[in-house]
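Breakdown of the fold
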Amino acid sequence: MAVLKPVERPKMECETEHFLMAQRQLDEVALEMGLDRELHERLRYPKRALIVTVPVRMDDGTVRSFTGYRVQHDVTLGPAKGGIRFHPDVNLGEVSGLAMLMTWKCALMGLPYGGAKGGIRVEPWKLSAGETERLTRRYTSEIINLIGPDKDIPAPDMYTNEQTMAWIMDTYSINVGHTVPSVVTGKPISIGGSLGRNEATGRGVAYCVKRAVEHYEVKAKAPTVVVQGFGNVGSVTAKLLHEAGYKIVAVSDVYGGIHNPDGIDIPRLLAYVSEMGRVEGFVGSKNVSNQELLELECDVLVPAALGDQINQKNMHNINCRIIVEGANGPTSTEADKYLHEKGIKIVPDILANAGGVTVSYFEWVQGMMHLFWTETEVNNRLEEIMGRACDQVFEMSTRSGLRPRMAALRIGVGRIAEAKRLRGLYP
Ligand code: GLU
């Protein structure tokens, strides 16, 4: 079987540094697993990418245009699936790289989906609620031919939430002339959302932390945890780990972080944040910057904010035993390799934060069946799927000596490659 350097071809517009990082991960695992060269080549680029201009009437009466994207990396196993983010860093390369990660993530979890991602380049914190709604609705109508319950199903991601999904669902439904709840997941419960979806990503991360602590034999009675990010993922992870008896010694948000070696009272912090809008200044803790926070000594570090947080600049100062990636792409490839050599175990994003898309899948299934599950049922099924994926990744990584990221990719890429091989090439 020919397994060599990928064939040379002219650069594609999405090939930014961010995209190339995702592509290099694929190249590395393709080489390692002896992936067929032609299949490998087909998986190195997105299947479809749409760039749209989204004009919005602002509150002051002027019209501003924003750039939006929806990229489908692969649809071999089913409809494309992935979130929509509103952030100033959004560009074609980032969205394409994240869409590729979604393909591997869904395959690793055994979900019948391909991978997608979308986004709008915007500073969401500068928009009013009305501007955000008009932006979301116009973006939806611009990408409407791409999405649908059997085609491509968006969900929340950075700076989008249940309300965003409700607007997308409504805009899509008005345009097709009837209500289609299953065009998005992560909807509010009252319009067809699933119990447990809002907490699902954090719940999955917390579950992975527990499994990793067991597997890698962290002996402390109350393992210490540092969480970067206090949004939907970070705050739920901190809350659930605190409830499970872990000691959360530091957390942060966009404004900065707090540190208390004796452990932070997370329920009180949640109340403080809902009043003050930030974690800084919380009683009994000392303020730290986001960079200092990543270098604090702890058993488990959970980066649950932005991408590229642990990289060549700070990898020498990382002082934990295990990293569990709540965010997508928080560790650069160099740092991943370096930290693995140093004996730090990294539970990769496509496993650690897959609880979100897994419960998205449950939401979609419940919507199709018009039959809804209890929260306990949702959480139990989530644990079952996460548990199986953790076992497979830990087992393969231990058996083969691969970094856990490479083991997870190998399973995900292997499943897509097998499906592609069986389906063959049309025409
Ligand atoms: N945006 C989340 C992720 O990166 C969830 C995607 C989904 O639920 O489709 O996994």
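Just so we're clear, the structure is a prediction, and the values are computed from it rather than from any experiment.

1. Overview of the site of the ligand
Inspection of the region around the ligand gives 14 residues, with Lys81, Lys105, Pro156, Asp157 and Ser360 positioned closest. In this structure, Lys117 approaches the ligand through a side-chain N or O atom, which is 3.0 Å from an oxygen atom. Separating an oxygen atom of the ligand from a side-chain N or O atom of Asn328 is a distance of 3.1 Å. Here the ligand, which alone exposes 300 Å², has 94% of that area covered by the protein. Looking at the shell around the ligand, the elements that each hand over two or more residues are strand E3 (80-86), helix H3 (92-109), strand E5 (152-156) and helix H12 (355-369). Of the residues belonging to the shell around the ligand, the class tally is four nonpolar, five polar and five charged.

2. Notes on the environment of Asp157
Mapped onto the elements, Asp157 comes out in the loop between E5 and helix H5 (162-176). It is 4.9 Å that separates the C-alpha atoms of Asp157 and Arg85, two residues lying 72 residues apart in sequence.

3. Notes on the side chain of Arg85
Relative to the elements of secondary structure, Arg85 occurs in strand E3. Residue contacts for Arg85: discarding those within four places in its chain leaves Val90, Glu94, Leu98, Gly118, Gly119, Ile120, Asp157, Met158, Thr160 and Asn328.

4. Some details on the sheet that holds strand E1 (residues 48-57)
Strand order in the open sheet formed by five strands is E1-E2-E4-E3-E5, and the pairing between neighbours is mixed. Every other strand in the sheet has two partners, leaving E1 and E5 as the edge strands with one partner each. Here the strands of the sheet are splayed against their neighbours by 20° on average, with no regard to which way each runs. For E1 and strand E2 (residues 63-74), the ladder comprises 10 bridges, and the chain directions are antiparallel. Residue pairing across strands places Ala49 opposite Val71, the latter belonging to E2.

Calculation notes
- Residues numbered from 1 in each chain as written.
- Predicted model: local features only at pLDDT ≥ 70, side-chain atom pairs only at ≥ 80, totals over all residues.
- Heavy atoms only, no water.
- Near = heavy atom within 4 Å.
- Polar contact = N/O pair within 3.5 Å; in protein donor to acceptor, adjacent residues only side chain to side chain.
- Areas by Shrake-Rupley, 256 points an atom, 1.4 Å probe, with all protein chains shown as cover.
- Helix = DSSP H or I, 4+ residues; strand = E, 2+ residues; numbered from the N terminus.
- Nonpolar A, V, L, I, M, F, W, Y, C, P; charged D, E, K, R; others polar.
- Contact = heavy atoms within 4.5 Å.
- Pairing = 2+ DSSP bridges.
- Axes fitted to C-alpha atoms, helices over the stretch in contact; angles between N-to-C directions.

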